[in-house]
Structures are given as structure tokens and as C-alpha cells.
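Chain and residue survey
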Amino acid sequence: MKTPDKSFFAPAKAWKYLTRKPVTIPMDDILTTPREASDRYRGFHVNDWEKCIGCGTCSKICPTDAITMIEFTELPDVEGSKPQRPSIDYGRCSFCGLCVDICTTGSLQMTKEYLHISKDPNSFFFIPTDEGIHLKKEPLGYIRDENSDLLGLEREEMEIDPPEVRKTSFIEMVKGFSKEQAIKEASRCVDCSICEKTCPAHMNIADYIRDIYTNDLETGLKDLYKTNPLPAVCGRMCTHKCETVCSIGHRGEPVAIRWLKRYIVDNVPQEKYSEILNQEIIKKANAKVAIIGAGPAGLSAAYFLSLMGYEITIYEEKNRPGGVLNYGGPSYRLPDNAFEQDVNYIKSLGVKIITNTKVGKDITLEELREKFDVIFASTGFNKGRKLPIEGADHEKVYDSLTILEDMKNYVRGEGPKPYIPKSLVVIGGGNVAMDVARSMLRLQNLENGESEVHVLSLERTFDEMPADEDEIVEGKEEGVNFHPGWGPVKVIVEDGKLKGVLFKKCVEVFDENGRFNPKYDESKTMMVEGDMVVMTVGQAPDYSYLPEDIQNKMTIERGKVKTNEYGQVEGVPWLFAGGDIVNGPDIIHGVADGHRAAQGIDKYIMEEKVI
């Protein structure tokens, strides 16, 4: 906190009052016509309920325990807020103003009103609203300023490689927090836990941030693994929805929750995981579960089921576990060693992962049904899609998943060099588009010493684009050319050679009901030249491993399998599902699905055995 500059002679200003005549005010005058308090007087509180999020920081900091959070059933219990508001006991309040200094939203303020006389002691217990203690508007008194603000509104800056290094390198570009940086960033957290409701896995975020602040990383690791067995992955690639509702974000930059999670796993040696977590399986469940797909949901389910004593076998069609993590996350964001850190611990619990085995081809679902008590399907949205436009069938027009896998395998040294174009056109504005554009830009620079990548999206502004802001900013820095507000018309092919893509101006993406319904200005078109096109327009599931009679019993709507809250497939009780095929693509949602499915599978097997 910055201390205001004061003159050396400032104390002398008080001497002028030595000769001033004292003011004595009769009691009657005080009661009937009270004097207006000074501008910074700390009087009774007011609280704007529309701005207040019920975070409770005012209650926690109160030195006299005068503030209690009261729950109101009429308030909505939604993400980003709690249905609670502060009440103040003026029999205890010292009017210090710390509650105002730390208020995360600025809803709690103090007025100049200071007079309240009553024989009813209950009237001194007050729940402030935007009207004062006497239900009338009063001028504000003490107001927090930059010198008294108790919140750290600015993030600790994360070290990241400069653009000139990044654009020729697949080495992880974000370096992670040092101990000093992590503790300082952790100190910004007000421990309100509002973020935990928004996290699909409901991680114990406040607990592990507190562990960092107290430099107790072993307890931090335990707190991470209570709800998430992929902390190294999520510490790098999580969609960090938690940060979007961080209470600090109302007036400043949200706490860097994702980077703090990474700090713990980066600084606890993996060889100590077993000793620290001490997750000894005391009782075997005497039942077996097959998991199809080694993506986030499958690995999460395997972790929690193994802790319950089940025998787990995962079948993965690729040569590595990870699903979308294996090929979708570029190495500069998710290096293999980080993912392996997570998966190695899961394997150490006895989970068996069989790779290069596609269910439905190398082994049938019926065979799995005979060998295992329950099957958990987490096969993901593993098929890339293309737009049905003219020229999309050209050999140099790719879907996103195919080219991402080709590039990652090449970078690993496990696959042939993919075609590296002179000019790449990427259609789409999400994070997958950024992964494609930034990965190919690196290959172009390594191959040719220069790059040309164009990203075109329907969304008319960067704010509308679904990609993370940092992906767009970093992409620009590395040399990606963005063209928001354009929709593809056709791929131009001349004499069998790809020439580029013709676009038309998009004037609206969503209709008045918020539905995807793009509208165009057909008179405005633009040709973007390129010798390769990648369409990042979503992915689709592949249910070919499910026999027809099984699919007929299931409900699949818009590509997603309908399940109950524990992932049990409606109509097929021995089959559970989670991840992309239930809730759409999102790593942390997959982790949460795996956890819930493990609970559901355990309940199903236990009840079956009781019967």
C-alpha cells in the first residue's frame, strides 16, 4: 500500500486550533438538528445488493466480529455469487472502515449518518441495503481510495518467451511462477470460494491457494488430488472458468488460479507423490471396470475407481493415452512430460492402459461385456469436421484434428513431416483454430524462415471470438493475420491446385434469440490466397463401436449421449458415459464427469451385489 506524501510541517497545522473557541452543542440540538458529519466520516453502512456477491470478505476482516453473513432464500444461488448479504451488529462495530476497504465489488459503503437512539437493542442489528439504517438516502461519508484499498488488483506477471523465440520453438513458452511470485499471487485471494461452484470439478481452490501462501505444497498436492487427478494438465490447459467469476475480478485482474495450480505440481517431485498422497487401497472391490478411451474423463474415472478398489482396464485406440490431450494440445502449451506426470501416477495405482486397441475393431463391446462388470465410455469427439462447401474435398483441405495430430507426432519425432504450406488459411475463431494457426506458423518459420497464416472467423470482433484472449494476443505477436467477420463461400481450386478461399462479409452471427444464425452482406467478398486450408469448425463423435441394438436402447441427441447425473446411460444400466460425448469438449468437465461416473459405477455395482 502506498503511503501518501506529507509535508514535514504537517503537524504544525493542528496549532491553529489552540486559539479557537470550543464548540459546545446542546443535547436537544444534537437530536433534532444534528450537525453534518465531515466528508470522510465513518457512519452507518449502506450496501448495494445488486453489486454485492455475498463473498463475505467484509465479515472475515472485521476486527470486532461485528459482521455476520446472512443467507436469503429469495436471492438466486448462481455462479459468481452466494445468496448471502452482510449484517452488522452496531453493538460491536468499531467503524474502522476495513470492511469498505476490502469490499471486492465496492457495494459496501459508509454514510455520514451517525445518530441512532433506541431502547430496542435489536434495532442495532442491521442488514444494510442501499437505504440506510433509517430507510432513507444519506450522503456517503468515508470512501475507499487507492491508498486504503486492501485488495491486490494486479496479477503477478508470468514469465513467457518473447514472440521472436516462440515462433520458432515448440518448447513450453510459459515458464511458471517462482516461489516468491506464487506466494504473492496467492496472497491476492480473499478465500471466498465463489470460484469453486463454477469449476465443473468443484476443486478445493481456496484450500490449495492457502497452501501455497503458507508454503505447504505437500498439503496443496493432497487438496488438488481430492477432485482432480490431472492437475499438471489443468494447470496449463484448463479453460479456467473459475477465473471468470473470481471476486477480485470485479475491480481488478482475477487471481491466476490456473497458474497457481501448476505451481504446486511443478514443485513437488513426482517420485514423492505416492508417499505424500498415501492413497493405499485398503479393500478390494472384487469387480472389474472397462474404460473405452484414455482421455480426461476416462483417466479421471480410472483414478477414482482404482481408489475404491476396482480393477480397471482402459482401452485406447491411439499409441499414447490422453485422447485430445495427446494430439490436441500443442507442445508449446502442454509438453508431453507434464501429461505423463499425471498419467504415470494414475498407472502407479494399478490402472492398466492397453493402447493401439480400438473397441469395435480389435475387440468388440460384447467381449468387454463378458469380461467386465461395467463399461465406461469416454470416446470423445474424435472426428474432425469440414464445411460442406465447394472445394472442401481437395487433398490440401484438412479438418483440425487430423492436422493437429500430424503436427504433434512430427514434433515428437514419431511421424512424417506434414505438408508445410507457404500460406495457410484457417477457418474458425476458437482455441482449436489458434492451436492450428500457431503450430503451423512455427513449422513455417522453422522450414522457410518466414510465415503466412490467416485466421478468418464469422465473429466480427475479437471480443466475439470464442478463443481465449491470450491466445489471440499471443497469436498476433507471433505473426498470425486475423480477419474477423468473414464467412467462407468456396475453396478455390484451379487446374487441381488449391489457390485459396473466397469469403463473404458476415454482418451478424446470432439472431435476436441468441441462436447461431449468421447473416451476410453478399455484396462484400474477399479472396484469401493459400496453398492449404484447415477447417476448425467443430468435432463429431464416433459411435461405431456400439452395436445397433445397444444404440437403439440409448438416447443420443445432437451427438451427445443422454445419461443420469452419475453418467449412467439411460436404457443401458451397465453402460456409463462421460466427457465430450455427454457434455461437449472441455478438459475439466471431463475430469468432473469421470469423478461422478466413478461414484455412480460404485453405487451400481454395490447395489447389484446386494441384490
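See the structure shown above.
Here goes a summary of the coordinates provided. Just so you know, these numbers come straight off a predicted model, no measurement behind them.

The next thing to look at is a nonpolar patch on the surface. A surface patch of nonpolar side chains, about 330 Å² in accessible area, is lined by Met-27, Leu-31 and Ile-117. Turning to its location among the elements, Leu-31 is positioned in helix H1 (residues 27–32).

Quick look at a negative patch on the surface now. Taken together, the side chains of Glu-366, Glu-367, Glu-370, Glu-548 and Asp-549 define an acidic patch exposed on the protein surface. Going through the elements one at a time, helix H16 (365–371) and helix H20 (548–553) are the ones with two or more residues in the negative patch. At three residues, the largest contribution of residues to the negative patch is made by H16. When you line up the elements, Glu-367 lands in helix H16.

A separate point is the packing of helix H7 (residues 205–213) against helix H11 (residues 257–266). Helix-helix packing: each pair is described by the crossing angle between the helix axes and the interaxial distance. At a minimum axis distance of 10 Å, the contact between H7 and H11 shows a crossing angle of 60°. With respect to H11, the axis of H7 lies oblique. The handedness of the crossing between H7 and H11 comes out as left-handed. For the pair H7 and H11, contact is made by Ile-205, Tyr-208, Ile-209 and Ile-212 and by Ile-257, Leu-260, Lys-261, Tyr-263 and Ile-264, respectively. Across the contact of H7 with H11, the residue classes break down as eight nonpolar, no polar and one charged.

Once that is clear, we can look at the sheet that holds strand S2 (residues 67–71). Spatial strand order, S2-S3-S5: three strands in an open sheet with antiparallel pairing. Both outer strands of the open sheet, S2 and strand S5 (125–126), are each paired with one neighbouring strand and no more.

Our next topic: the packing of aromatic side chains. Considering all chains together, one arrives at 16 aromatic pairs under this definition. For the ring pair Tyr-225 and Tyr-273, a centre distance of 5.9 Å and an interplane angle of 75° mean the geometry is edge-to-face. Taken together, the residues Tyr-225 in helix H8 (residues 217–225) and Tyr-273 in helix H12 (residues 273–277) connect sequence positions 48 residues apart. Grouping residues by exposure puts Tyr-225 and Tyr-273 together as buried.

About the cut-offs
- Residue positions are given per chain, counting from 1 as you read along its sequence in written order.
- Residues qualify for local features only when their pLDDT is at least 70, as the model is predicted, and side-chain atom pairs are given and counted only at 80 or more; totals for whole chains, interfaces and linings, by contrast, use all residues.
- Where side-chain values are given, they derive from all heavy atoms of the structure, hydrogens and water being excluded.
- Only residues whose relative accessible area exceeds 30% and that form no salt bridge enter a patch; like-charged residues are grouped when within 9 Å of one another, and nonpolar side chains (Val, Leu, Ile, Met, Phe, Trp, Tyr) when within 5 Å.
- Note on areas: these come from Shrake-Rupley sampling with a 1.4 Å probe, and a residue is covered only by the protein chains present in the view.
- Note on definitions: salt bridges are taken to be side-chain nitrogens of Lys or Arg within 4 Å of carboxyl oxygens of Asp or Glu.
- Segments assigned H or I by DSSP are reported as helices when at least four residues long, segments assigned E as strands when at least two residues long, and all are numbered from the N terminus.
- Positive: Lys, Arg. Negative: Asp, Glu. His and the chain ends are not part of the count.
- Lysine's charge is taken at NZ, arginine's at CZ, aspartate's at CG and glutamate's at CD.
- All axes are obtained by fitting lines to C-alpha atoms, using only the stretch in contact for helices, and the reported angles, taken between N-to-C directions, cover 0 to 180 degrees.
- Here is the rule for angles: anything less than 35 degrees is roughly parallel, anything more than 145 is roughly antiparallel, 65 through 115 is roughly perpendicular, and the remaining ranges are oblique.
- We call a crossing left-handed when the near helix sits turned anticlockwise from the far one by less than a right angle, and right-handed when that turn is clockwise.
- It only takes one pair of heavy atoms within 4.5 Å for two residues to be counted as in contact.
- Three residue categories are used. Nonpolar comprises Ala, Val, Leu, Ile, Met, Phe, Trp, Tyr, Cys and Pro, charged comprises Asp, Glu, Lys and Arg, and polar comprises the others, including Gly.
- The criterion for strand pairing is that DSSP finds at least two bridges linking the strands in question.
- In this analysis, rings of Phe, Tyr and Trp, with Trp reduced to its six-membered ring, are considered paired at centre separations within 6.5 Å, and the interplanar angle assigns stacked below 30 degrees, edge-to-face beyond 60, and tilted for intermediate values.
- Between buried and exposed lies partly exposed: a residue is buried under 20% and exposed over 50% of the maximum accessible area for its type, with that area taken using a 1.4 Å probe on protein chains only.

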